Amino acid sequence: MILGQYIEDAINWMTANFSGFFDAVNIGMSSLIDVIESFWGWLPFYVTIALFAGIAWWKAGKSNAILTIVGLLFIYFAGFWVETMQTFALVLASAFIALVIGIPLGIWSAKNETAQKVIRPILDFMQTMPAFVYLIPAVLFFGLGTVPGAFATIIFAMPPVVRLTSLGIKQVPEEIVEATKAFGATPGQLLVKVQLPLAMPTILAGVNQTIMMALSMVVIASMIGAKGLGEIVLQGISQLRIGLGFESGLAVVLLAIILDRITQNLGKSSKKK
Amino acid sequence: MEKIRIENLSLVFGKNKSKALKLLESGKNKAEILDATGCTVAVQHANLSIDEGEIFVVMGLSGSGKSTLLRCLNRLINPTTGKIFINNEEITNMNDRELLNIRRKELAMVFQHFGLLPHRTVLSNVAFGQELQGISKAERETQAMETIDLVGLKGYENQKVSELSGGMQQRVGLARGLANKPEVLLMDEAFSALDPLIRSQMQDELLILQEKMKKTIVFITHDLDEAIKLGDRIAIMKDGEIVQIGTSEEIITNPANDYIESFVENVDRSKIVTAASIMFSKPKVARLKKEGPAGVLRIMRENGVEHLPVVRTNRTFLGYVKLTDVLRLKKEEAKTIESIINESVMSVTPDTTIENMLPLLSKTNLPIPVVNGENHLLGVVSPTSIIAESTGMAKKEIHEIIQKAIEL
């Protein structure tokens, strides 16, 4: 196929000509991930569990706090603690970068018709392209390891927060926007004082989705050498060890549930259940 | 004094604005322009002058362009052509910074569905305008508290607006508008979303507030009763055009066309129409010094009436004389009619409404004299025309009814 040939040429050309740029990104990203990873690695497991449970209690109520404790204890005693913290660090780093890029893009596409027309098909592309496909250029740009895994994860996880930020801002009732303008708000004041606060629940739903998608992607990213739970899942598959595969898979599910419950309730004020 | 002036303002929505505008200039109507260009003409050739301190109501049905016209005043929507002046300053050519300043200082707006920030308290909503201006929290909240007190929301300042009823929310909207101490208040169907009882209460309160504040208020409504109740003057819009401007009485007694006539048909005229507009202004009178009984009798015979108002030479109203009394005097060969003047006649002033004249009919069947502050006779209002105005029946019908009643 000719199209495939073009894309291959383009990727090769980028690899050859932008190697400096990719190296810089590589160093930046790997040090970010390292810092996060070593922090969670350094924290004793019981402190981490207490911290998670505390946040869960504060944001999502008592039952979710109990769920968090039980889930994390299971992971610890199943022997996946280190890998889980690696995965968590990778999710945190990629989701953070995805949000830093995604939220402004969402704001831009809500405010600018042309931007939206350009961004939307790109998002469609990013979301529907099979996730494995991103792994190939990621390896070419960054080699094997955690950074290309994070790169693929960022691309895969960004679309929901862009879409939902844009949606949230557009859903602010026109009359409130008009009222704000009528009282002499600058575009910046309109955004910060009115549009973002009113769009916050929708934006946080996007944050939640981005984090969940990042988690599903970091498992896949282990195919190109990203560390974490994905490695063990992969090991289970390649060695046909059903028990190991299932246990590590369950650890991913538990981590997902805990992250979901906590982030889902970020927008709501603290409550006791 | 003139506060706001709109000169030849037109507004077109759509892509092919310049072509639509040309067609509009050449006298094409809204439907023809829509067919030819796909553009909607929202406002066409609007000219208005609004005085300082008046409540100016713009009334029209939905789609008449009234809200669009209002939004041109603070340029939430930019007019396609035409000019707007506030305090003789042209709004339409201001840059962003000047516009921001005039929105902050001189124009405030109240919205149909309130447009409040649901996640904030009453206090911070009311202080919002000043927050945007960068005024310190303490200062703006002190001012906001004063305004909250003014609109009767004291004690609610720390509630979230989403917890308040519609009427309360609109008080917050009104307070937010007033907190900036603007000179002009733009009210877009401000009471239309409220239920009837609360609406009428808010209208009363607005009128009371206006007594104190003397702001220039531009009020948009689709409700004629509301327009009449609030408006010092009313402009009626249809299909983007201003069809008539005037006081409610001018519009009701002298509608510009069939559309307005059908519009005002069901209005309770007795509350609006005044003696001045239904009085007969050159009534036959008996002048005390000039006419003796014989002269008065001649005037009565010539006009076929049994009663005549009596005035001094300077038109000061004295009372009525009756035919039978005049005949008696003539027999007695008296020189003057002074002795037979019935002075216990109720008179009204020109601005008395029909509603207030109706009770007089139970006391007299004489034409009601209309006098000015110096008691000079300006005209008379016949009982028939009072009934005709308040019932909407033709005078002829009323005569027939009266005749039948007399025959019985």
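Residues numbered from 1 in each chain as written. Chains lettered and ligands numbered in written order. Predicted model: local features only at pLDDT ≥ 70, side-chain atom pairs only at ≥ 80, totals over all residues. Heavy atoms only, no water.

Asker: How would you explain the overall build of chain A if you had to name every residue and give the values?
Answerer: A count of helical and extended segments in chain A gives 12 helices and 0 strands. In terms of overall dimensions, chain A is globule-like: its C-alpha atoms have a radius of gyration of 21 Å, near the 19 Å expected for 273 residues. When its C-alpha atoms are laid out on the principal axes, chain A stretches across 65 × 60 × 30 Å. Here chain A holds 273 residues, and 48% of them are scored as buried. Looking at chain A as shown, the accessible area adds up to about 13400 Å², and 72% of this sits on carbon and sulfur atoms. (Helix = DSSP H or I, 4+ residues; strand = E, 2+ residues; numbered from the N terminus. Rg over C-alpha atoms; globule rule 2.2 N^0.38 Å. Buried < 20%, exposed > 50% of the residue type's maximum accessible area, 1.4 Å probe, protein only. Areas by Shrake-Rupley, 256 points an atom, 1.4 Å probe, with all protein chains shown as cover.)

Asker: How would you explain a nonpolar patch on the surface if you had to name every residue and give the values?
Answerer: Taken together, the side chains of Ile 2, Leu 3, Tyr 6 and Ile 7 of chain A make up a nonpolar region of the molecular surface, amounting to roughly 470 Å² of accessible area. Along the chain, Tyr 6 of chain A turns up in helix H1 (residues 2-17). (Patch = residues over 30% accessible without salt bridge, like charges linked within 9 Å, V, L, I, M, F, W, Y side chains within 5 Å. Salt bridge = Lys/Arg side-chain N within 4 Å of Asp/Glu carboxyl O.)

Asker: Pulling in residues and values, what's your account of the interface of chain B and chain A?
Answerer: With 26 residues of chain B in contact, the opposing surface of chain A contributes 16 residues. Looking at the side of chain B facing chain A, the largest losses of area belong to Arg 103, Phe 111 and Leu 132 of chain B, adding up to 27% of the total buried there. For the pair chain B and chain A, the number of links is 2 salt bridges. With a closest N to O distance of 2.8 Å, Glu 131 of chain B and Lys 193 of chain A form a salt bridge. Applying the counting rule to chain B against chain A returns 10 residue pairs in polar contact (both at pLDDT 80 or more). Where the side of chain B that touches chain A is concerned, the elements lending two or more residues are helix H4 (96-105), strand S6 (107-110), helix H6 (128-132) and helix H8 (166-179) of chain B. Take the side of chain B that touches chain A: its biggest share by element is 4 residues, from H6 of chain B. When the residues that make up the side of chain B that touches chain A are grouped by side-chain class, the tally is 12 nonpolar, 8 polar and 6 charged. (Contact = heavy atoms within 4.5 Å. Buried area = accessible area lost by both parts, 1.4 Å probe. Polar contact = N/O pair within 3.5 Å; in protein donor to acceptor, adjacent residues only side chain to side chain. Nonpolar A, V, L, I, M, F, W, Y, C, P; charged D, E, K, R; others polar.)

Asker: Outline the environment of Leu 9 of chain B, supporting the account with residue identities and numerical values.
Answerer: Structurally, Leu 9 of chain B can be placed in strand S1 (residues 2-13). Apart from residues no more than four positions distant in its own chain, Leu 9 of chain B is found in contact with Val 43, Gln 44, His 45, Ala 46, Leu 69, Cys 72, Pro 79, Thr 81, Gly 82 and Ile 84 of chain B.

Asker: Which residues make up the packing of helix H10 (residues 187-221) of chain A against helix H12 (residues 242-264) of chain A, and what values do they have?
Answerer: Residues and elements named next belong to chain A. Contact geometry for H10 and H12: axes closest at 9 Å, N-to-C directions at 165°. Comparing the axis directions of H10 and H12 gives the class roughly antiparallel. You can see that H10 and H12 cross each other, and the crossing is right-handed. In contact with Asn 208, Ile 211, Met 212, Leu 215 and Val 219 of H10, H12 contributes Val 252, Leu 255, Ala 256, Leu 259, Asp 260, Thr 263 and Gln 264. (Axes fitted to C-alpha atoms, helices over the stretch in contact; angles between N-to-C directions. Parallel < 35°, antiparallel > 145°, perpendicular 65-115°, else oblique. Left-handed = near helix turned anticlockwise from the far one by under 90°.)

Asker: Go over the sheet that holds S6 of chain B with me, naming the residues and quoting the values.
Answerer: All names here are of chain B. With respect to topology, 6 strands assemble into an open sheet ordered S6-S7-S8-S3-S9-S10, the strand pairing being mixed. The open sheet terminates on both sides in strands that have one partner only, identified here as S6 and strand S10 (241-246). When the angles between neighbouring strand axes are averaged without regard to direction, this sheet yields 20°. Across 5 bridges, strand S7 (residues 184-188) lies against strand S8 (residues 216-221) in parallel orientation. By the bridge assignment, Leu 186 is partnered in S8 with Val 218. (Pairing = 2+ DSSP bridges.)

Asker: Tell me what's going on with unusual backbone geometry, and back it up with residues and numbers.
Answerer: All names here are of chain B. Backbone geometry places His 45, a non-glycine residue, at a positive phi of 45°. Tracing the backbone shows His 45 in strand S2 (residues 40-51). Overall, the relative accessible area of 31% leaves His 45 in the partly exposed class. Positive phi, normally seen in glycine, also occurs at Asn 375, with a value near 65°. One can find Asn 375 in the loop between strand S14 (368-371) and strand S15 (377-381).

Asker: I'd like to hear about the packing of helix H3 (residues 45-60) of chain A against helix H4 (residues 62-77) of chain A, residue by residue, with values.
Answerer: All names here are of chain A. It is the contact of H3 with H4, at a shortest axis distance of 7 Å, that shows an interaxial angle of 155°. The angle between H3 and H4 falls in the class roughly antiparallel. Considering only the axes of H3 and H4, their crossing is right-handed. Contact residues: H3 offers Phe 45, Ile 49, Phe 52, Ala 53, Ala 56, Trp 57 and Ala 60, while H4 offers Lys 62, Asn 64, Ala 65, Thr 68, Ile 69, Leu 72, Leu 73 and Tyr 76. Residues that form the contact of H3 with H4 fall into these classes: 12 nonpolar, 2 polar and 1 charged.

Asker: Tell me about the pairing of S15 of chain B, and name the residues and values.
Answerer: All names here are of chain B. Taking burial as the measure, the 5 residues of S15 include 4 buried ones, the bulk of the element. Both S14 and S15 contribute to a ladder of 4 bridges, which runs antiparallel. Within S15, the position partnered with Pro 369 by the bridge is Val 380. Between S14 and S15, which pair antiparallel in sequence order, lie 5 residues; one of them, Asn 375, sits at a positive phi of approximately 65°.

Asker: So what's going on with the pattern of salt bridges? Residues and values would help.
Answerer: Here the structure, examined in full by the defined rule, presents 21 salt bridges over all chains. Salt bridges linked by common partners bring Glu 178 of chain A together with Arg 71 and Asp 188 of chain B together as one network.

Asker: Explain the confidence of the model for chain A to me, and be specific about the residues and the numbers.
Answerer: Of all residues in chain A, 97% have pLDDT values of 70 or greater, and the mean over the chain is 89. Taken element by element, the predicted model of chain A shows its lowest mean pLDDT in helix H7 (residues 131-142) of chain A (83) and its highest in helix H9 (residues 174-182) of chain A (94). (pLDDT = per-residue confidence, 0-100.)

Asker: Could you give an account of the side chain of Arg 140 of chain B, naming the residues involved and the relevant values?
Answerer: Residue and element names in this part refer to chain B. Turning to its location among the elements, Arg 140 is positioned in helix H7 (residues 137-150). For Arg 140, which is buried and forms no salt bridge, the nearest opposite charge comes from Glu 131, at a distance of 4.0 Å. If sequence neighbours within four positions are ignored, Arg 140 has contacts with Ala 127, Gln 130, Glu 131 and Ile 135. (Lys, Arg positive; Asp, Glu negative; His and termini not counted.)

Asker: Outline the confidence of the model for chain B, supporting the account with residue identities and numerical values.
Answerer: Here chain B averages 88 in pLDDT, and 100% of its residues register 70 or above. What the predictor reports for the complex is a pTM of 0.79 with an ipTM of 0.76.

Asker: Can you tell me about the pairing of strand S4 (residues 81-86) of chain B, naming the residues and giving the values?
Answerer: Residues and elements named next belong to chain B. Where S1 meets S4, 5 bridges bridge the pair, whose relative direction is antiparallel. Each residue of the ladder has a partner; that of Arg 5, found in S4, is Phe 85. Two elements, S4 and strand S5 (residues 89-90), share 2 bridges in a ladder whose sense is antiparallel. Bridging from a neighbouring strand, Ile 86 pairs with Glu 89 of S5.

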